[in-house]
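Working through the structure, step by step
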Amino acid sequence: MKKFLVLTLLVMVTFLIFTGCKQTPKTLKVGTSADYPPFEYVDEKTGDFIGFDMDLIRLVGEKAGYEVEIVNMDFDSIIPSLEKKKIDAAIACITITEDRTKIAPAIPYWDTGQSIIVKGDSAFKPLSLGDLSGKKVGVQKGTTGEEILDKGIENNEATNVDVRRYTSVILGMLDLQNGAIDAMIIDTPVANLYGTKYNYVVTTELAPETAGIFVDKDNQKLFDDLKKALDEIKKGDEWQQLVEKYFSGS
Ligand code: ARG
């Protein structure tokens, strides 16, 4: 009788261990702002979040054993959401800055920068912050583009600028196309895509930057898991395929 009990217990424990191991993967809530092609945008037909960042984080997350859930929000809510632990990580062509890494550490993955973009047929061709003096200039709220412009105004490099702050880059680009503003400051790869595919011209890059995947400060395991997975992906074919899919021709 005793032996029988021990045996059933053993079988039960083994069963529990096995099913435990096969548990459905942990969900990884990743914040983004899907208004930034080719990094993150909404597929008009399916409503899915697509783009380089979206494919990349799904690949990285999966490889690290997580199930990725994309949480779309305004760009200026992303870092605060990480801080409040509403999300586990974030990917949105987010520039790695000192201020941000105090809140959440970042894994670098792509070179970027802030560029000035104007309408294709515009006679206005700004080559510096100073050239934006007296103009209507669009930026996205909470971005490094906004910060660069604000600093330039603060130190009088640019004067009399009418700064238009957008929650969504899409709306800013529409205003630029309609002539409601004279220029927009956005990330160089995004500007290059608009310049190649639509009627816009990139006039200059104001600052080089690096984009990173930001991770909850108190989740070192997640940071290590994602970093390791990204390193592996970068060594393989998948990375090259992703780059070609979203960056060829721009
Ligand atoms: N790279 C800039 C920053 O980090 C802008 C990023 C905007 N990203 C977006 N998905 N709208 O401040």
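Residues numbered from 1 in each chain as written. Predicted model: local features only at pLDDT ≥ 70, side-chain atom pairs only at ≥ 80, totals over all residues. Heavy atoms only, no water.

1. Focus on the sheet that holds strand S7 (residues 136-140)
On the basis of which strands lie adjacent, the open sheet formed by eight strands has the order S4-S1-S5-S10-S6-S9-S7-S8 and mixed pairing. If you trace the sheet from one side to the other, it starts and ends with strand S4 (66-72) and strand S8 (162-166), each paired once. Two strands pair when backbone bridges link them, and strand S6 (residues 106-119) and strand S10 (residues 200-215) are joined in this way by 13 bridges, in the antiparallel orientation. Opposite alanine 106, over in S10, you have phenylalanine 214 as the bridge partner. Here helix H6 (residues 169-178) sits on the sheet in contact with S6, S7, S8, strand S9 (183-187) and S10, set at roughly 145 degrees to S9. (Pairing = 2+ DSSP bridges. Helix = DSSP H or I, 4+ residues; strand = E, 2+ residues; numbered from the N terminus. Contact = heavy atoms within 4.5 Å. Axes fitted to C-alpha atoms, helices over the stretch in contact; angles between N-to-C directions.)

2. Digging into the side chain of aspartate 187
With respect to the helices and strands, the residue aspartate 187 is situated in strand S9. Buried charge without a salt bridge: aspartate 187, with arginine 100 as the nearest opposite-charge side chain at an N-O distance of 7.9 Å. Among all residues touching aspartate 187, those that are not within four sequence positions of it are Tyr36, Cys93, Thr95, Thr112, Gly113, Gln114 and Glu209. (Buried < 20%, exposed > 50% of the residue type's maximum accessible area, 1.4 Å probe, protein only. Lys, Arg positive; Asp, Glu negative; His and termini not counted. Salt bridge = Lys/Arg side-chain N within 4 Å of Asp/Glu carboxyl O.)

3. Remarks on the environment of alanine 211
Relative to the assigned elements, alanine 211 resides in strand S10. A residue is classified by how much of its surface remains accessible, and alanine 211, at 0% relative accessible area, is buried. Measuring from C-alpha to C-alpha, the distance between alanine 211 and isoleucine 107 comes to 8.3 Å, with 104 residues separating the pair along the chain. The contact partners of alanine 211, leaving out residues within four places of it in the chain, are Cys93, Ile94, Thr95, Ile96, Ile107, Pro108, Tyr109, Trp110 and Thr112.

4. Details of the packing of aromatic side chains
Overall, the coordinates contain ten aromatic pairs when judged by the stated rule. Note on tryptophan 110 and tryptophan 239: the rings are 5.9 Å apart at their centroids and 55 degrees apart in plane angle, and the pair reads as tilted. One end of the pair, tryptophan 110, is in strand S6; the other, tryptophan 239, is in helix H9 (residues 237-247), and 129 residues separate them in sequence. On the basis of relative accessibility, which here comes to 11%, the residue tryptophan 239 falls in the buried class. An aromatic cluster of three or more residues is present, and its members are Phe39, Phe52, Tyr109, Trp110, Trp239 and Phe247. The lysine or arginine in question, lysine 135, covers the ring of phenylalanine 124, its NZ or CZ lying 4.5 Å from the ring centre. (Phe/Tyr/Trp six-rings, centres within 6.5 Å; stacked < 30°, edge-to-face > 60°. Lys NZ or Arg CZ within 6 Å of the ring centre and 35° of its normal.)

5. A look at the nonpolar core
Core analysis: the largest hydrophobic core is formed by 43 residues, its most contacted members being Phe52, Leu56 and Ile186. Element by element, the count of residues in this core is highest for helix H8 (residues 220-235), at six residues. Excluding its chain neighbours within four sequence positions, the residues that come into contact with isoleucine 186 are Tyr36, Gly113, Gln114, Ser115, Ile117, Val169, Met173, Ala191 and Tyr194. Within the second largest apolar cluster, 13 residues are counted, among which are Ile116, Val137, Ala158 and Val163. (Core = buried A, V, L, I, M, F, W, Y, C linked by side-chain atoms within 4.5 Å.)

6. Re the side chain of glutamine 140
By the secondary structure assignment, glutamine 140 is in strand S7. Classification of glutamine 140 by relative accessible area gives buried; the value is 4%. Only 2.7 Å separates the side chain of glutamine 140 from the side chain of aspartate 35, close enough to count as a polar contact. Not counting residues within four places of it along the chain, the set of residues in contact with glutamine 140 comprises Ser33, Asp35, Phe75, Glu146, Tyr166, Thr167, Ser168 and Val169. (Polar contact = N/O pair within 3.5 Å; in protein donor to acceptor, adjacent residues only side chain to side chain.)

7. A word on the site of the ligand
The ligand sits among 15 residues. The nearest are Asp35, Thr95, Arg100, Thr144 and Asp187. Between serine 33 and the ligand, the recorded distance is 3.0 Å, taken from a backbone N or O atom to a nitrogen atom. Within the contact set of the ligand, a nitrogen atom lies 2.8 Å away from a side-chain nitrogen or oxygen of glutamine 140. Calculation on the ligand without its partners gives an accessible area of 350 Å², and the protein chains cover 100% of this total. Considered class by class, the residues forming the shell around the ligand number five nonpolar, six polar and four charged. (Near = heavy atom within 4 Å. Areas by Shrake-Rupley, 256 points an atom, 1.4 Å probe, with all protein chains shown as cover. Nonpolar A, V, L, I, M, F, W, Y, C, P; charged D, E, K, R; others polar.)

8. Brief notes about the packing of helix H2 (residues 52-63) against H8
Interhelical geometry of H2 versus H8 gives an angle of 115 degrees and a closest axis separation of 8 Å. Relative to H8, the element H2 is oriented roughly perpendicular. Every pair of crossing elements has a handedness; the one defined by H2 and H8 is right-handed. Along the contact surface, H2 presents Leu56, Leu59, Val60, Gly61 and Lys63, while H8 presents Leu226, Ala229, Leu230, Glu232 and Ile233. Taken together, the residues that form the contact of H2 with H8 break down as seven nonpolar, one polar and two charged. (Parallel < 35°, antiparallel > 145°, perpendicular 65-115°, else oblique. Left-handed = near helix turned anticlockwise from the far one by under 90°.)

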